[in-house]
Structure formats: C-alpha cells, structure tokens
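This is what each chain is made of:
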Amino acid sequence: MRRVLISGATGTIGRPLVNQLQDAGADVRTVTRELTDPVALKAALDGVDTVFLLWPFASAEGARKVLELIGARRVVYLSSAAARPHEVEIERLITETAREWTVLRPHAFAANTLRWAEQVRAGVVRQPYGDAVSSPVHERDIAAVAVRALLDEGHHGAVYTLTGPRPLTQREQARAIGAAIGRPVRWEEEPPKEARLRLLGLGWPAPAVDEMLRGLAEPGPATGTVEEITGAPASTFETWASEHATDFLGTMRAARIHEYGDASVISLDEVPVPKPGPDEVLIKVAATSFNPSEAGLRMGLLQDVLGVTLPHTLGWDVAGTVVTGAGDLAPGDRVIGLIDGAAAEYAVAKASMLARAPQRIPLTDAAAVPVAGLTAWQAVFDHARIGRGSRVLVNGAGGGVGLFAVQLAKHAGAYVVATASPRSAAAVRALGADEIVDYTIAPLPGGNDVLINLVADVPASVTELAEEVVSITQPIEHPRAVQFVARNDPGQLGELVALIDKGVVDVKVDTRPLESLTDLHRAAERGLTRGKVTLKVEK
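Quick caveat: nothing in here was measured; it's all calculated off a predicted structure.

Draft legend 1. Summary view of the overall build of the chain. For the chain, the helix and strand inventory stands at 20 helices and 26 strands. Here the C-alpha radius of gyration of the chain, 30 Å, is well above what a compact globule of 539 residues would show, namely 24 Å. If one aligns the C-alpha atoms of the chain with their principal axes, the spans along those axes are about 95 × 55 × 40 Å. Residues counted as buried form 51% of the 539 residues belonging to the chain. Of the roughly 23600 Å² of accessible surface on the chain, 52% is carried by carbon and sulfur atoms. Counting 54 positive and 65 negative side-chain charges, the chain places the averaged centre of each group 3 Å from the other.

Right, dumping it as structure tokens:
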C-alpha cells in the first residue's frame, strides 16, 4: 500500500484528492500548518514515499528547506498555468531534489466563479471581460489526475496543463450557473478600471489585482489532458455548476414550526438551502400538499411516532425538478416523492426514494400523489387485495386518499360504493364510483366484501358492513380488520404514475400558495377543506 502525504488537504483540491486516494486504497496522511514546521513535517513524512505539494504562499521563500526535508521521494506539485515566478522556482527546486516529479498546471478553476455568489443571488453578475474565453476545470478532475500521478508509473518529468473540456465565455458561465439554480442570471459588463478600483477597495494588493485582470482578459486553451490521464472525460462546467448549486443559492423560504401548538406556530422562515449528502438529490420544489395528519404533527401528537426535531420543516409530498443529480436522476428531471421538509423552495432526498413525475398533469398537481396515492394503493392492493367483482365500500371517498382509492378499486375490477358529502358527491361520481351514499343523511350500506375506512368516526355496526375492514385511521373492532400507516414505496409510486399517464387515474386538486398554509390548517380543523389541496412553492 502506497503511503501518501497531502498538503492543503482541506482545500478545494485537497478534499476530493484525499477521498479519491482513500477510495483507491492508499494510506493518506495530511499536513496543513505543519508544512513549514520542520519537526512536524519530518514526523508526517515517516514511512511516506509520495507527496502531493500545494504551496500556500505567494513566494518561494522557505520552499527549499521543505523540499530538502521531503527529499528523494515522488512529488506531485500543484502549480498553475500562470507559471508565476514563485511557482517556476518551486518547480525548479522539485526537479533538483525529487526522485520522481510531476507538475500540474491547471487553468481557471471552475470554483473561481464562487466569488460571484452574492451577485448571482441578486440575479446580475457584474464583472469585467464577459466575452473572455476559458475552459474552467472541475476540482475533482484535477484531483483525479493527481491520483494517477501519485499512484501510477509513467508520469515522471511530465508537466500537465489541465482544463475543462470546452471553452466558455464568462457570460456563458454565468448563464450556466443560472440554469443550474433555476434562476435567471444576467451578465453586466464592468469596465476593467472600475473593477480594479473595486478590488483595491476590498484590500487586494495592486499586483494581485493587475495579475488577475490580465488573466481574465487572456483567452485560455482547452486540453484533453484530463481524459488522457484518467480515461474519463473531463467534467463540463454545467456539471460543476449543478453540483455547487447550493453554494450559489444561499437561503430559501421554508414553512417551519419551532414549537408545538395551534396553526399560529407555523412560520415562513428564511433558512440556508440544504446540501445533498451521498446519493441524495437537491430538488427545486414546485409544490407540496397538505395532509390532515400534518395537523397532528404540528400539535405534537406524533412525537413518539416520528421523532421530530424542532425546528421542523413541514411537508411530506414533494413535486419538483432535480437541481443536483445522483443515482439515475440528472439535473432537470421532474420527480415526486414522500420526503421530510417539502414545504420549502428546495429539499433534499435520496434519489432511490423518488419516482419520476407524471407527464400528463402539471407538476404542481403531481404533489397530490405521493402520500394520498400510496396510502390508497396499499389499502386497495396490499391489504384489501381487491379483485374483479368485489364489492367495496370506501368510507370517506371525498378526501385526498378516497379519490385515489375509488379509482384504484375500479381499476381492480370492483363495484365501488362511496360515502361522500353533497359537496364532494359529483367529484367522487366523476372518478367512477358506482353508488354514492350521502353519509350525512343515510346509514352506511352493508353487504360489502371490503370496507376501506378513511375517516375517524365509524359506526358501532361496522361488523355488519363488510367481511373485511381496512382502516387508515384508528383500529376497528372486527374479526378481520387491519389498520395501517402507509410506507414509502417508490416502486408502487412509479406504478401509480404510469396509471396517471395512461389516463386510468385522474388527479384533481385545489392549488393554493405556500403562504396560505396556516389558514389551510385552520380551515382543515373546522372541516372546511375537501379533496386534495396542493401548495405551490415556486414563484
């Protein structure tokens, strides 16, 4: 096992380099401030045969002593395409002292555009030389080349010029960042003299300002070195922008509760955009939806069940567009799913727990599907096991789950009897119910094979209504009864989406703005809502 010492391990290149080396099975050691401490550096070098050198200073002063301590080991040095005098000097010293050496000269880092982040959030990037061309390189690609030079043979004496795969103007880079975050970003040309004064006013040294402006004005090349060394194409700037979307987005609106209580505890907060973890995607939320059980969560009735930590972002249903991809999902894909924290402008979720959104209905309507649709699916197919010719009583057919349950039971070949209030009857009948019972004036009919119960109040005579009972509310006294809470099943969600796109299942919603969530909770507590209500998040 090769033992590698990394300097600058916490930096832009160092972090992905450490990860990639460890993935390759190398024994990795790191130094930061210890680089110029002879005692600490000598200890860190014990047993090391390969060194990645990032020199963190703007002069070569002290470099000779460091390189003499490193001695006759293999050294990979991160220089730059600018070949500044101190970098050229360090390159020379390495060739004199190292047993084997490789120099990496990256051109413009894609990460340099992070300095635009504040302006991107405002929607206008004002910088000089908007038409200047460069081929920004992804830090992960620089690290990948470094890994090969550190671990493989055949790189001694090489000087690698590293770039991204294709040239882009700065104006095009700003546009790509806007596309990645789902917000328009306009370029505004700043005269170089104004830019110089602005940077000097920020405390930049005049030589550094002049060097940076010269570098921006000069066109940069596009090389194929990354692919030649690693065997994989260099990442595009668009890929980099998508992966770093959260760094540009800053904050977002989120509907949260900081304490349990009545609807007044819901607040729209400005919070940081969440960063996706391994195998997670960042979603730009189009809409979420309201589920009656969320009122119970808000009141603190589900603490033991869900283990909620306050402050908590509401919303279990999500429909939106992938910003940062993972797994089989790429930026721009439309998705739906059952997640935590969907009542916000952005949300993160495991890619494997999402389904592609239906194409036949608007994305904001698709937010009605996950919780209600999965609950209905599992009631009909997993627990009731309804087949052709079954007689099914859907109690509470006018609610969000009921509208799906009626359609799925009909799809399974059942004769569907549905209870609904006069204001919901037409909608339930339109979705295929064979009989409508107005529960406000008529008793529930018996003689059913299955009762799917979706409401809290069930008559004591329930044992006379059906041979089997499936309930999503409270347990029911019946010799053949089951009560369940829906589980997240992306496979079932995908099957439901397919039925929606075929026109077998229709989705009817009432759409309101996210800002109305508090009023919606109050209305639901007074029994003034019906059907499924989605909350539009995107502006």
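What follows picks up the thread again.
Draft legend 2. Local environment of the pattern of salt bridges. All told, the structure shown has 38 salt bridges when counted by the stated rule. The partner of Arg99 in a salt bridge is Glu100, and the shortest N-O contact between them spans 3.6 Å. Note on Arg99: relative accessible area 41%, which makes it partly exposed. Given a relative accessible area of 18%, Glu100 falls into the buried group.

Draft legend 3. The side chain of Gln492, seen in detail. The residue Gln492 is located in helix H19 (residues 490-501) in this model. With relative accessibility at 8%, the residue Gln492 sits in the buried group. Each residue touching Gln492, except ones within four places of it in the same chain, is listed here: Leu374, Trp377, Gln378, Asp382 and Arg487.

Draft legend 4. Looking closely at the side chain of Ser235. Here Ser235 lies in the loop between helix H10 (225-230) and helix H11 (237-243). Reaching out from Ser235, the side chain makes a polar contact with the side chain of Arg140 at a distance of 3.4 Å.

Draft legend 5. Quick look at the nonpolar core. Of all hydrophobic cores here, the largest spans 50 residues; its most connected members are Ile336 and Ile386. Mapped by element, the contributors of at least two residues to this core are strand S13 (280-289), helix H15 (363-366), helix H16 (370-383), strand S19 (391-395), helix H17 (400-411), strand S20 (415-420), strand S22 (448-453) and H19. The leading source of residues in this core is H17, at seven residues. If sequence neighbours within four positions are ignored, Ile386 has contacts with Val380, Val392, Ala409, Ala412, Ala414 and Ile452. Counting 31 residues, the second largest nonpolar core, distinct from the first, contains Val308, Val322, Ala326 and Ile339.

Draft legend 6. The arrangement of the pairing of strand S15 (residues 317-324) in detail. Among the eight residues of S15, seven are classified as buried, and the element is accordingly described as predominantly covered. Looking at chain direction, S13 and S15 are connected through five bridges and run antiparallel. Residue pairing for S15: Ala287 is matched across the bridge by Ala319. Note: S15 against strand S16 (residues 334-338), five bridges, orientation antiparallel.

Draft legend 7. Seen up close, the environment of Ala414. Relative to the elements of secondary structure, Ala414 occurs in the loop between H17 and S20. Sequence spacing of Ala414 and Ile386 is 28 residues, and the spatial spacing of their C-alpha atoms is 6.9 Å. Apart from residues no more than four positions distant in its own chain, Ala414 is found in contact with Ile386, Gly387, Gly389, Ser390, Val392, Ala409 and Asp434.

Draft legend 8. Focus on the sheet that holds strand S14 (residues 312-313). As summarised here, the arrangement of the three strands in space is S12-S11-S14, forming an open sheet in which the pairing is antiparallel. Only two strands of the sheet have a single neighbouring strand rather than two, namely strand S12 (266-272) and S14. Summarising the sheet, strand S11 (residues 251-257) and S12 pair through seven bridges and their orientation is antiparallel. When the bridges of S12 are listed, Ala254 appears paired with Asp269.

Reading guide: rules and limits
Each residue is numbered by its place in its chain's sequence as written, counting from 1. Given that the model is predicted, a residue must reach a pLDDT of at least 70 before its local features are reported, and side-chain atom pairs must reach 80 or more before they are shown or counted; all residues, however, enter totals for whole chains, interfaces and linings. No hydrogens and no water enter the side-chain calculation; it runs on all heavy atoms of the structure. Helix numbers and strand numbers start at the N terminus; a helix is a DSSP run of H or I with at least 4 residues, a strand a run of E with at least 2. Note that the radius of gyration is over C-alpha atoms, with the globule rule given as 2.2 Å times the number of residues to the power 0.38. Only protein chains enter the accessibility calculation, which uses a 1.4 Å probe. A residue is then buried if its area is under 20% of the maximum for its type, exposed if over 50%, and partly exposed in between. Accessible areas in this description were obtained via Shrake-Rupley with a 1.4 Å probe; residue shielding takes into account the shown protein chains only. Only four residue types enter the tally: Lys and Arg on the positive side, Asp and Glu on the negative side, with His and both chain ends excluded. Where a charge lies is defined by one atom per residue type, namely NZ (Lys), CZ (Arg), CG (Asp) and CD (Glu). Throughout this description, the term salt bridge denotes a Lys or Arg side-chain nitrogen within 4 Å of a carboxyl oxygen of Asp or Glu. Every residue pair with non-hydrogen atoms within 4.5 Å of one another is taken to be in contact. Pairs of N or O atoms are called polar contacts if they sit within 3.5 Å, as long as, within protein, a hydrogen donor faces a hydrogen acceptor (for residues adjacent in sequence, only side-chain-to-side-chain pairs). For this analysis, a nonpolar core means a set of buried residues of the types Ala, Val, Leu, Ile, Met, Phe, Trp, Tyr and Cys, connected via side-chain atoms within 4.5 Å. One requirement defines pairing of two strands: DSSP has to find at least two bridges between them.

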